[in-house]
Amino acid sequence: MGPVIGITCYAETASFTVWQDTPAALLPYAYVEQVVRAGGQPVLLPPAGEPAGLVRRLDG
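Residues numbered from 1 in each chain as written. Predicted model: local features only at pLDDT ≥ 70, side-chain atom pairs only at ≥ 80, totals over all residues. Heavy atoms only, no water.

Asks: Would you mind showing me how to read the overall build of the protein here?
Replies: Assigned secondary structure in the protein consists of two helices and four strands. Counted from the first residue to the last, the protein has its helices and strands arranged as β-β-β-α-β-α. The C-alpha atoms of the protein give 13 Å as radius of gyration, which overshoots the globular expectation for 60 residues (10 Å, by more than 25%). Classification of the 60 residues of the protein by burial places 20% in the buried group. (Helix = DSSP H or I, 4+ residues; strand = E, 2+ residues; numbered from the N terminus. Rg over C-alpha atoms; globule rule 2.2 N^0.38 Å. Buried < 20%, exposed > 50% of the residue type's maximum accessible area, 1.4 Å probe, protein only.)

What follows is the structure in structure tokens.
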């Protein structure tokens, strides 16, 4: 496994098949693909909780 890279995402209302107008944590998938392409392991960081402890575990 390569470096663990945190990617912040945002809260937005979205619709998925049976779920309509559901709050979701989103970002364009191209961000995930680019981290993987560069040899990293992406980790999504939603705008919630207390991320300080997790951020110390990230490589970037």
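Still more to cover.
Asks: How should I be thinking about the nonpolar core in this particular structure?
Replies: Side chains that are nonpolar tend, in soluble globular proteins, to be buried together. Formed by Ile7, Cys9, Leu27, Val32 and Val35, the largest nonpolar core amounts to five residues. Dropping the residues within four chain positions of it, cysteine 9 is found in contact with Ala25, Leu26, Leu27, Leu45, Pro46 and Pro47. (Core = buried A, V, L, I, M, F, W, Y, C linked by side-chain atoms within 4.5 Å. Contact = heavy atoms within 4.5 Å.)

Asks: Hey, could you run me through a nonpolar patch on the surface in this one?
Replies: Judged by side-chain polarity, Phe16, Val18 and Trp19 come together as a nonpolar surface patch covering roughly 360 Å² of accessible area. Summarising the element assignment, tryptophan 19 is placed in strand E3 (residues 19-26). (Patch = residues over 30% accessible without salt bridge, like charges linked within 9 Å, V, L, I, M, F, W, Y side chains within 5 Å. Areas by Shrake-Rupley, 256 points an atom, 1.4 Å probe, with all protein chains shown as cover. Salt bridge = Lys/Arg side-chain N within 4 Å of Asp/Glu carboxyl O.)

Asks: Honestly, unusual backbone geometry in this entry has me stumped. Any pointers?
Replies: Glycine aside, residues mostly have negative phi, and peptide bonds are mostly found in the trans state. Residues other than glycine seldom take positive phi values, yet threonine 17 does so here, at roughly 30 degrees. Note that threonine 17 resides in the loop between strand E2 (10-16) and E3.

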